[in-house]
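Spelled out, the chains give:
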Amino acid sequence: MTRRTQIIGVIPARWASTRFPGKVLHPLAGRPLLQHVWERCGRCRKLDRVIIATDDERVRAAAEDFGAEVRMTAASHPSGTDRVAEVVQAEGEATHAINVQGDEPLVDPELIDRLAEALIEDPELPMVTAANALRDPETAANPNVVKVVVNTLGDALYFSRSLIPYRRNAGEDPPYYRHHGLYGYSRSFLLQFVAWTPSPLERAEQLEQLRALEHGARIRVLMALEDSMGVDTPEQAEEVERLLERGAA
């Protein structure tokens, strides 16, 4: 008997943040930042459920207040991916999961749906993510901006904080792609992924997706038209609030 596909969206949301403690509940245009993310996920056509995963009672209370489904997860998780995996493990019917960052109030619901569709269309695909073209050389050179290079099939070759590919010859204009922190996984791969120990390249770059590549996993990269601005600082929160007040789609 074929198992029915069930895709859940999971939003890891922690209170702690080195640069901006409590940012997931920071008010933006009259609502908590996290609520904007959750509402965007609610506009997706391909998600069967949306669950907020947290280890903080303040986040749980706020999320339940605006109507979200919440699951409390272990405080010991080193990453949001581990938090997503705990939810998937508990949700026995879930065949796939989309990991949506809890600090991206402008995330595109259509892009989330595209990740879900890629997982549905290719049952053998373990992992999918997204990127967009970079046109500003200064942004591309910023180590806080993660870049990805892809092969002709649209799968990731490598992710790096360094500028990749390297431009050796003047006149050459290689494509630069900014990686989005949005991931989709098959259930079996996600649970395997979190069982692996952090890999050498992952530790060097501080990019956990490299763990998948170092174990030979395939990561499909879908191209988006633009980046969805995340919130890492109070200054970025102010900028995003201005966009929301202007009716950012």
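We now turn to the structure provided with this report.

Conventions we followed
- Residues numbered from 1 in each chain as written.
- Predicted model: local features only at pLDDT ≥ 70, side-chain atom pairs only at ≥ 80, totals over all residues.
- Heavy atoms only, no water.
- Helix = DSSP H or I, 4+ residues; strand = E, 2+ residues; numbered from the N terminus.
- Rg over C-alpha atoms; globule rule 2.2 N^0.38 Å.
- Buried < 20%, exposed > 50% of the residue type's maximum accessible area, 1.4 Å probe, protein only.
- Contact = heavy atoms within 4.5 Å.
- Areas by Shrake-Rupley, 256 points an atom, 1.4 Å probe, with all protein chains shown as cover.
- Salt bridge = Lys/Arg side-chain N within 4 Å of Asp/Glu carboxyl O.
- Phe/Tyr/Trp six-rings, centres within 6.5 Å; stacked < 30°, edge-to-face > 60°.
- Core = buried A, V, L, I, M, F, W, Y, C linked by side-chain atoms within 4.5 Å.
- Pairing = 2+ DSSP bridges.

Remarks on the overall build of the chain
Point 1. What the chain contains, in helices and strands, is nine helices and eleven strands.
Point 2. Taking 18 Å as the expected radius of gyration for a compact globule of 249 residues, we find that the chain reaches 18 Å, a close match to that expectation.
Point 3. Every one of the 249 residues in the chain was classed for burial, and the buried ones make up 49%.
Point 4. Within the chain, contacts between residues at least 6 apart in sequence are counted, and of these 67% link residues at least 24 apart.
Point 5. Of the roughly 12500 Å² of accessible surface on the chain, a fraction of 48% belongs to carbon and sulfur atoms.

Structural notes on helix H1 (residues 33–42)
The α-helix winds at 3.6 residues per turn, so residues separated by three or four positions along the chain end up facing the same way.
Point 1. By the criterion of burial, H1 is predominantly enclosed, with seven of the ten residues buried.
Point 2. Of all the positions in H1, only Leu33, Leu34, Gln35, His36, Val37, Arg40 and Cys41 are classed as buried.

Remarks on the pattern of salt bridges
Point 1. This structure, assessed with the given rule, holds 17 salt bridges.
Point 2. A salt bridge links aspartate 55 to arginine 83; its shortest N-O distance comes to 3.8 Å. Taken as a pair, aspartate 55 in the loop between strand S4 (49–54) and helix H2 (57–65) and arginine 83 in helix H3 (residues 80–90) lie far apart in primary sequence, 28 residues in all.
Point 3. Salt bridges sharing partners connect three or more residues here, namely Arg45, Lys46, Asp113 and Glu117.

Looking at the packing of aromatic side chains
Point 1. Under the criterion given, the structure shown has five aromatic pairs.
Point 2. Both rings, one in tyrosine 183 and one in tyrosine 185, keep their centres 6.0 Å apart while their planes meet at 25°; by these two values the pair is stacked. Both residues of the pair, tyrosine 183 and tyrosine 185, belong to the buried class.
Point 3. Centroid distance phenylalanine 193 to tryptophan 196: 6.3 Å. Interplanar angle 70°. Geometry classified as edge-to-face.
Point 4. Taking relative accessible area as the criterion, tryptophan 196 reaches 19% and is therefore assigned buried.

With respect to the nonpolar core
Point 1. Within the largest apolar cluster, 39 residues are counted, with the highest numbers of intra-cluster contacts made by Ile52, Ile98, Val100 and Ile112.
Point 2. Looking at which element gives the most residues to this core, the answer is helix H4 (residues 109–121), with six residues.
Point 3. If we ignore the near neighbours within four places in the chain, the residues touching isoleucine 112 are Cys41, Cys44, Leu47, Ile98, Val100, Val107 and Leu182.
Point 4. Of all hydrophobic cores here, the second largest spans 29 residues; its members include Val10, Ala85, Val146 and Phe189.

Focus on the pairing of strand S6 (residues 96–99)
Point 1. Residue alternation in S6 divides its side chains into two sets, His96 and Ile98 and Ala97 and Asn99, and both sets are buried.
Point 2. Pairing analysis gives four bridges linking strand S1 (residues 7–12) to S6, with the strands arranged parallel. Each residue of the ladder has a partner; that of isoleucine 7, found in S6, is histidine 96.

Remarks on the pairing of strand S9 (residues 156–160)
Point 1. Bridge count between strand S8 (residues 147–150) and S9: four bridges; the pairing is antiparallel. What sits directly across from valine 150, in S9, is alanine 156.
Point 2. The turn linking S8 back onto S9 is made up of five residues, and glycine 154 within it adopts a positive phi angle of 90°.

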